[in-house]
Amino acid sequence: MEDFRRAYLRLCKEGGVEPQEGVVAQLQESRAAQGSRLDLSGQSLSADTCSVLARAFQKDTVFTEVLLSDCMLSEEGAKVLLSGLFGNTTVKVLDLKGNNLRSTGAEVLGKLLARNKTLRRLVLEWNALGVWDEAFSLFCEGLASNGVLTQLDLRNNQINHHGAAELALALKRNTAVQALDLRWNNVGLLGGRTLLEALQKNRSIMQLEMAGNNIPSDTLKALEQTTGHNSDRQSTMRESRSRTQVLSKEIQTLKEGKGRQFLSLMETIDRQREEMGRSNGSTSIQIGQLQEALNERKSAVNSLTAKLQMTEAALALSEQKNHNTGELLTRVKAEKEEQRERQSRERKKEQEDGALRGGKLLREIQDLTEANAQLKNKVEEMERRCKSQQQQIFELKQELTNSTAELKLQLAQAEDRLEIEKRRSKQSLQDMDSLRQKEVEHVNRLLEESERALQERIFKLEGQRIQLEEELSRAKAACVTERAQAEEDLGKVRAQVRLDQQEHVSSLEEKLRSVRSLQQEVQLHCSQQKQTISELQAKNSQQGMEINGLQRRTEELQQELSGKDQEKVAEVSRVKVELQEQIGHLQAERTAQGGLKEKISALEREVKALSSHHREVLLDKESEMSSMLEKLRLKEAEIQRMREDEAHRASYLQSAVLAYVQGSPLGHYSSPKK
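A brief look at the structure comes next. Values in this document were obtained by computation on a predicted structure and should not be read as measured data.

**Structural notes on helix α6 (residues 133-145)**
Line of reasoning, step 1. Along its 13 residues, α6 runs 19 Å from first to last C-alpha, staying within 8% of the 18 Å computed at 1.5 Å per residue.
Line of reasoning, step 2. Taken together, the buried positions of α6 are occupied by A135, F136, S137, F139, C140, G142, L143 and A144.
Line of reasoning, step 3. Check the buried side of α6 and you find it contacts α5 (103-115), β5 (151-153) and α7 (161-173).

**What to know about the side chain of N174**
Line of reasoning, step 1. Its location among the elements puts N174 in the loop between α7 and β6 (179-181).
Line of reasoning, step 2. A relative accessible area of 2% means that N174 is categorised as buried.
Line of reasoning, step 3. Here the side chain of N174 touches L143 through a polar contact of 3.2 Å, landing on its backbone oxygen.
Line of reasoning, step 4. Side-chain polar atoms of N174 contact the backbone nitrogen of A176, separated by 2.8 Å.
Line of reasoning, step 5. In contact with N174, not counting residues within four places along its chain, are L143, A144, N146, N202 and S204.

**Focus: the nonpolar core**
Line of reasoning, step 1. Grouped together as the largest cluster of nonpolar side chains are 67 residues, with contacts concentrated most on L94, L124, F139 and L154.
Line of reasoning, step 2. It is α6 that contributes the most residues to this core, 6 residues altogether.
Line of reasoning, step 3. When neighbours within four sequence positions are excluded, L124 is seen to be in contact with L96, L101, L109, L129, F139, L152, D153, L154, R155 and N157.

**With respect to a positive patch on the surface**
Line of reasoning, step 1. The grouping of R342, R345, K348 and K349 at the surface amounts to a positive patch.
Line of reasoning, step 2. Along the chain, the position of K349 falls in helix α10 (residues 315-438).
Line of reasoning, step 3. Looking at K349, the relative accessible area reads 56%, which means it is exposed.

**Focus on the environment of E510**
Line of reasoning, step 1. By secondary structure assignment, the location of E510 is in helix α11 (residues 443-547).
Line of reasoning, step 2. A relative accessible area of 42% means that E510 is categorised as partly exposed.
Line of reasoning, step 3. A C-alpha to C-alpha distance of 17 Å links E510 and I583, two positions 73 residues apart in sequence.

**Some words on the pattern of salt bridges**
Line of reasoning, step 1. Applying the stated rule across the entire model yields 10 salt bridges.
Line of reasoning, step 2. In this structure, the salt-bridge partner of R155 is E125, at a minimum N-O distance of 2.8 Å. Taken together, the positions of R155 in the loop between β5 and α7 and E125 in the loop between β4 (121-123) and α6 put the pair 30 residues apart, joining distant regions of the chain.
Line of reasoning, step 3. Close ionic contact of E488 with R203 constitutes a salt bridge, the shortest N to O distance being 3.6 Å.

**With respect to the sheet that holds strand β3 (residues 93-95)**
Line of reasoning, step 1. The 7 strands are arranged β1-β2-β3-β4-β5-β6-β7 in an open sheet whose pairing can be described as parallel. At either end of the open sheet lies a strand with only one pairing partner, and these are β1 (37-39) and β7 (207-209). The mean inter-strand angle of the sheet, taken between neighbouring strand axes irrespective of direction, is 0°.
Line of reasoning, step 2. Across 3 bridges, the pairing between strand β2 (residues 65-67) and β3 is parallel. Counterpart to L67 in the pairing with β3 is D95.

**Focus on unusual backbone geometry**
Line of reasoning, step 1. The backbone of W126 shows a phi angle near 60°, a positive value even though the residue is not glycine.
Line of reasoning, step 2. Checked against the element boundaries, W126 lands in the loop between β4 and α6.
Line of reasoning, step 3. Phi at Q158 takes a positive value of approximately 55°, unusual for a residue other than glycine.

**A word on the packing of α5 against α6**
Line of reasoning, step 1. Relative orientation of the contacting elements α5 and α6 amounts to 10°, with a least axis distance of 7 Å. With respect to α6, the axis of α5 lies roughly parallel. Like other packed secondary-structure pairs, α5 and α6 cross with a definite hand, here left-handed. Of α6, the residues touching α5 (which contributes S103, A106, E107, L109, G110, L113 and A114) are A135, F136, L138, F139, G142, L143 and S145.
Line of reasoning, step 2. When the residues that make up the contact of α5 with α6 are grouped by side-chain class, the tally is 9 nonpolar, 4 polar and 1 charged.

**Some thoughts on the packing of helix α8 (residues 188-201) against helix α9 (residues 217-310)**
Line of reasoning, step 1. In the contact formed by α8 and α9, the axes pass within 10 Å of each other and the chain directions differ by 20°. In terms of their interaxial angle, α8 and α9 are classed as roughly parallel. Of the two elements, α8 crosses α9, and the hand of that crossing is left-handed. Residue-level contacts link L189, G192, L195, L196 and L199 of α8 to T219, A222, L223, T226, T227 and N230 of α9.
Line of reasoning, step 2. Here the residues of the contact of α8 with α9 are counted per class, giving 6 nonpolar, 5 polar and no charged.

Definitions and limits used
Residues numbered from 1 in each chain as written. Predicted model: local features only at pLDDT ≥ 70, side-chain atom pairs only at ≥ 80, totals over all residues. Heavy atoms only, no water. Helix = DSSP H or I, 4+ residues; strand = E, 2+ residues; numbered from the N terminus. Expected span 1.5 Å × (residues − 1). Buried < 20%, exposed > 50% of the residue type's maximum accessible area, 1.4 Å probe, protein only. Contact = heavy atoms within 4.5 Å. Polar contact = N/O pair within 3.5 Å; in protein donor to acceptor, adjacent residues only side chain to side chain. Core = buried A, V, L, I, M, F, W, Y, C linked by side-chain atoms within 4.5 Å. Patch = residues over 30% accessible without salt bridge, like charges linked within 9 Å, V, L, I, M, F, W, Y side chains within 5 Å. Areas by Shrake-Rupley, 256 points an atom, 1.4 Å probe, with all protein chains shown as cover. Salt bridge = Lys/Arg side-chain N within 4 Å of Asp/Glu carboxyl O. Lys, Arg positive; Asp, Glu negative; His and termini not counted. Charge placed at Lys NZ, Arg CZ, Asp CG, Glu CD. Pairing = 2+ DSSP bridges. Axes fitted to C-alpha atoms, helices over the stretch in contact; angles between N-to-C directions. Parallel < 35°, antiparallel > 145°, perpendicular 65-115°, else oblique. Left-handed = near helix turned anticlockwise from the far one by under 90°. Nonpolar A, V, L, I, M, F, W, Y, C, P; charged D, E, K, R; others polar.

Given below as structure tokens:
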């Protein structure tokens, strides 16, 4: 605030201009209030002060609102002040109420709108911008090129139908203005029609004030309907954007959850693989140890047999050796018992790991069921959306019925007017007959007056016929626009439904792919387990063939090993059963997905049936319009007949009057002169 005040005083000194006390006081008040509003309303600003303010506004200031209402700005002052706001990027609200801006002001305002890209609200109430058509056209060109202004106030600016036409052309190109105030101007019927045509192409205006412009009520209603349609469209667009954002967020959360599930599954699979590798390594180490022990025992037996053959006499030595072999056997027994205990512990660990794996698989199944429930909820939401769209279509149909009813009422009113005019013409003819019988001298005057009255009535009838034709054309245009809007809405609804279906199908396909990949990984894991089991069985069979040559104790160990193998086979069968149950659940999910696809196809059929019904309704409306046109043609034919009858009557009266005049004594006196 202080910087702007100092800049103002400095520029006044440099230009040799005396600073106005009111301006300095307002700047001081705004500094004390520490606000972003500069209020100079009611201060009579000279051209010099306007030039100083323009220089100050050329730099970016703190003010976002500038109020200059009732400042008695001259043409030069307004031009200089507005030119200073061309490059400003802080002012968003500008109030120029009651400054009597004219041609130059309109031109400079057009340039301001074309160059400035920060102004959002412009108040031009109680000015004279619409008096000069060329200047107002330049203002409208600037408005057309502007893409930032959202609120425009043009009350009491003497805008006629030419200015309304220029403003309509600007609104066709502009897509930013949302609120427009044109109250208390002179737009008239033609201007209202041009603005209505422009609003049919403009989709941004949501608020339009047109009171006090000598516009008929039907055009005002049409303008209100168009603005209402625009507001409804923008609300629907906002809702659709919010819905798309919510859906995208939900899809992202689902993707993240699926990624987490997949990573957890991969981690569990890696852990299982590591555990299997560890168990395989421990078993291979144990088998190697057993083979070494067996080899040692074989070498001991061979040595004993050689010693028995070579030294039969040394019984004492053989007994000692037998004692040694007994001790070795006891040691081997102890080692075997330790190995049995280790193997029992390992089996218990493997059983516990299998139980943990079963729990994990059950959790994964529960997660898949929850995902299916979420998908069902989404399908219900899609059905609700389709119902809401059907309600919108039903409301459009109701609007079409209301429009047809209004057209019928207008036609009935037109017929009543024609009957009233016929009665009036009959009464006038009766009055003419009575006047002919009473006053023959004033026949010529009465004939002239009657001819004028008839011509005026004919013109009135022609004007009414033109109005009826224009109303019909408006109704046709409104029907066509409503039909196009309905078709556009249907196309949008279909596109949205198709996009939702495609997204849903793509998500389901991704789920199927993930499930298939998991199934393949589980199958690979099972095959690896089977291979390891087969390898272990082969190794065990080989060990059994080698141990058959040994003592009975080794046979008991083989029986125990075979029992362990049977337990492992039982565990593998259990795992297979669990995998088959998971596959059954996945197949059930596939069937559910097929049901969802059938529901989607049924919804598409319903949409197609609704579209066909809507088309039939539109065809019925077109047939009604054609019948109304035929009725209008019949009415025109009746009007032409009435004109011909009135012309015949007028000619008959003229001939009668001429005959009467020729038969009168005045005619006898006038004939010799001729």
